[in-house]
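Single-letter residue listing:
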Amino acid sequence: AQKVTQAQTEISVVEKEDVTLDCVYETRDTTYYLFWYKQPPSGELVFLIRRNSFDEQNEISGRYSWNFQKSTSSFNFTITASQVVDSAVYFCALIGRGSEKLVFGKGTKLTVNP
Amino acid sequence: DAMVIQNPRYQVTQFGKPVTLSCSQTLNHNVMYWYQQKSSQAPKLLFHYYDKDFNNEADTPDNFQSRRPNTSFCFLDIRSPGLGDAAMYLCATRQGGTVTGELFFGEGSRLTVL
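Notes on the structure in this doc start here. By convention here, each chain's residues receive numbers from 1 onward along its written sequence. By the order in which they are written, chains take letters starting at A while ligands take numbers starting at 1. Selection of residues for local features in this predicted model requires a pLDDT of at least 70, selection of side-chain atom pairs for listing and counting requires 80 or more, and totals for whole chains, interfaces and linings are taken over all residues. Based on all heavy atoms of the structure, the side-chain values leave hydrogens and waters out of the count.

**Digging into the overall build of chain B**
Part 1 of the reasoning: The number of helices and strands found in chain B is zero helices and eleven strands.
Part 2 of the reasoning: Labels follow the DSSP assignment, with helices taken as runs of H or I lasting at least four residues and strands as runs of E lasting at least two, numbered in each case from the N terminus. Along chain B, from the amino end to the carboxyl end, the secondary structure elements read β-β-β-β-β-β-β-β-β-β-β.
Part 3 of the reasoning: C-alpha atoms define the radius of gyration in this analysis, and the globule rule sets the expected value at 2.2 Å times the number of residues to the power 0.38. Over its C-alpha trace chain B gives a radius of gyration of 13 Å, about what one expects of a compact globule, namely 13 Å for 114 residues.
Part 4 of the reasoning: C-alpha atoms of chain B, sized along the principal axes, occupy 45 × 30 × 30 Å.
Part 5 of the reasoning: Looking at chain B residue by residue over its 114 residues, the buried ones come to 51%.
Part 6 of the reasoning: Each accessible area is a Shrake-Rupley result for a 1.4 Å probe, and residues are judged covered by the shown protein chains and nothing else. Only carbon and sulfur atoms are counted for the fraction: they give 50% of the accessible area of chain B, which is about 5,600 Å².
Part 7 of the reasoning: Here chain B contributes 10 positively and 10 negatively charged side chains, and the mean placements of these two sets differ by 5 Å. We call a residue buried when its accessible area falls under 20% of the maximum for its residue type, exposed when it is over 50%, and partly exposed in between, using a 1.4 Å probe and counting protein chains only. Two residue types count as positive, namely Lys and Arg, and two as negative, namely Asp and Glu; His and chain ends fall outside the count. To locate a charge, take atom NZ for lysine, CZ for arginine, CG for aspartate or CD for glutamate.

**What to know about the interface of chain B and chain A**
Part 1 of the reasoning: On the chain A side, the residues contacting the 25 residues of chain B number 20 residues.
Part 2 of the reasoning: When the two sides are added together, the surface that chain B and chain A hide from each other amounts to roughly 1,800 Å², 54% of it contributed by carbon and sulfur.
Part 3 of the reasoning: Should a side-chain nitrogen of Lys or Arg be within 4 Å of a carboxyl oxygen of Asp or Glu, the pair is scored as a salt bridge. In this structure, Glu102 of chain B engages Arg50 of chain A in a salt bridge whose closest nitrogen and oxygen atoms are separated by 3.8 Å.
Part 4 of the reasoning: As used in this structure description, the phrase polar contact means that two N or O atoms lie within 3.5 Å; if the pair is within protein, one of them must be able to donate a hydrogen and the other to accept it, and residues adjacent in sequence are counted only when both atoms belong to side chains. The interface formed by chain B and chain A holds six residue pairs in polar contact (both at pLDDT 80 or more) in total.
Part 5 of the reasoning: Here the side of chain B that touches chain A is built from residues that sort into twelve nonpolar, eight polar and five charged. When checking whether two residues touch, look at their non-hydrogen atoms; a contact exists if any pair is within 4.5 Å. Put simply, buried area is how much 1.4 Å-probe accessible surface two parts lose in total, over both of them, once they are put together. Residue type decides the class: Asp, Glu, Lys and Arg count as charged, Ala, Val, Leu, Ile, Met, Phe, Trp, Tyr, Cys and Pro as nonpolar, and the leftover types, Gly among them, as polar.

**Structural notes on the nonpolar core**
Part 1 of the reasoning: If you look at the biggest cluster of nonpolar residues, it comprises 23 residues, and the most contacted ones within it are Trp36, Phe75, Phe77, Tyr90 and Leu110 of chain A.
Part 2 of the reasoning: For this core, the elements supplying multiple residues, two or more each, are strand S2 (10–14), strand S3 (19–21), strand S5 (32–39), strand S8 (64–69), strand S9 (74–79), strand S10 (88–96) and strand S12 (108–113) of chain A.
Part 3 of the reasoning: Ranked by residue count, the leading element in this core is S10 of chain A, at four residues.
Part 4 of the reasoning: When neighbours within four sequence positions are excluded, Phe75 of chain A is seen to be in contact with Cys23, Leu34, Phe35, Trp36, Ile49, Arg51, Trp66, Asn67, Phe68 and Cys92 of chain A.
Part 5 of the reasoning: Throughout this description, the term nonpolar core refers to a set of buried Ala, Val, Leu, Ile, Met, Phe, Trp, Tyr and Cys residues connected via side-chain atoms within 4.5 Å. Of all hydrophobic cores here, the second largest spans 19 residues; its members include Leu102 and Phe104 of chain A together with Val31 and Tyr35 of chain B.

**Re the pattern of salt bridges**
Residue and element names in this part refer to chain B.
Part 1 of the reasoning: In this structure the tally under the stated criterion is nine salt bridges over all chains.
Part 2 of the reasoning: For Glu107, the salt bridge is made with Arg9, and the minimal N-O distance between the two is 3.2 Å. Of this pair, Glu107 sits in the loop between strand S10 (104–105) and strand S11 (109–113) while Arg9 sits in the loop between strand S1 (4–7) and strand S2 (10–13), and the two are 98 residues apart along the sequence.
Part 3 of the reasoning: Accessibility expressed as a relative area gives 28% for Arg9, which makes it partly exposed.
Part 4 of the reasoning: As a salt-bridge pair, Asp77 and Arg67 come within 2.7 Å of each other at their nearest N and O atoms. In this pair, Asp77 sits in strand S8 (residues 73–78) while Arg67 sits in strand S7 (residues 64–67), placing the two residues ten residues apart along the sequence.

**What to know about the sheet that holds S7 of chain B**
All names here are of chain B.
Part 1 of the reasoning: Pairing is antiparallel in the open sheet, where four strands are placed in the order S1-S3-S8-S7. Edge positions in the open sheet fall to S1 and S7, since each of these has one partner strand only. Strand-to-strand, the axes of this sheet are offset by a mean angle of 20 degrees, without reference to chain direction.
Part 2 of the reasoning: At least two bridges found by DSSP between two strands are what make those strands a pair. Both strand S3 (residues 19–25) and S8 contribute to a ladder of six bridges, which runs antiparallel. Among the inter-strand pairings, Thr20 is bridged to a residue of S8, identified as Asp77. The angle between two axes is taken between their N-to-C directions and runs from 0 to 180 degrees, where each axis is a line fitted to C-alpha atoms and a helix contributes only its stretch in contact.

**Regarding the side chain of His29 of chain B**
Part 1 of the reasoning: Positionally, His29 of chain B belongs in the loop between S3 and strand S4 (31–37).
Part 2 of the reasoning: In this structure His29 of chain B touches Arg68, Thr71, Thr93, Arg94, Gln95 and Phe104 of chain B, once residues within four positions along its chain are discounted.

**Structural notes on the side chain of His48 of chain B**
Part 1 of the reasoning: Here His48 of chain B shows up in strand S5 (residues 44–50).
Part 2 of the reasoning: Assessed through its relative accessible area of 6%, His48 of chain B is described here as buried.
Part 3 of the reasoning: The contact partners of His48 of chain B, leaving out residues within four places of it in the chain, are Glu100 and Lys101 of chain A together with Val31, Met32, Tyr33, Asp53, Phe54 and Asn55 of chain B.

Keep in mind that these numbers describe shape and distance, not what the molecule does.
See the structure below:
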């Protein structure tokens, strides 16, 4: 069975603070893919990043960075110098190779206050 | 330009009155999904099509049905909506195959049941 845990239900920060969203996963697949999606108040799910299980390189995209650690089954997401527009629900998700089912964590609601 | 289009964005129906939600895609992806997302919860997979093959989740109520007349379109039919079916319904697509890519989501259809 596959499972994604996002222990932080809600986080509130002040603009310009850095914030890290945690994601821990469980899977028996040796090959799998991890994702982060952003869901703003309008409702659509916006793809942020995909990482496959063989690629443990950390990735940075502007103010966003991701830390994938297979040893701890974690795929954490950091926003540097947060902005009000970053306010959204962020979902971590997992899909095993050969599976068609994307399994979501419960999401972390991030509120960035001015 | 939107690649996964859902209609209507907002649907109000009466208890027990059938409703159909539609999803179209311009990506020519062979996998299409329907997710249900209730307030403050993670998206929950209802079913998906891999090409013409329909895959129902074990816990999806019989009240929910789907049709995929061609590659581009997929419909979600709720035969007798109950109050508990009020939710956001998300359609997603993905190119299934040897490389597991991300799901592309539509903006969702928000269903209200009176």
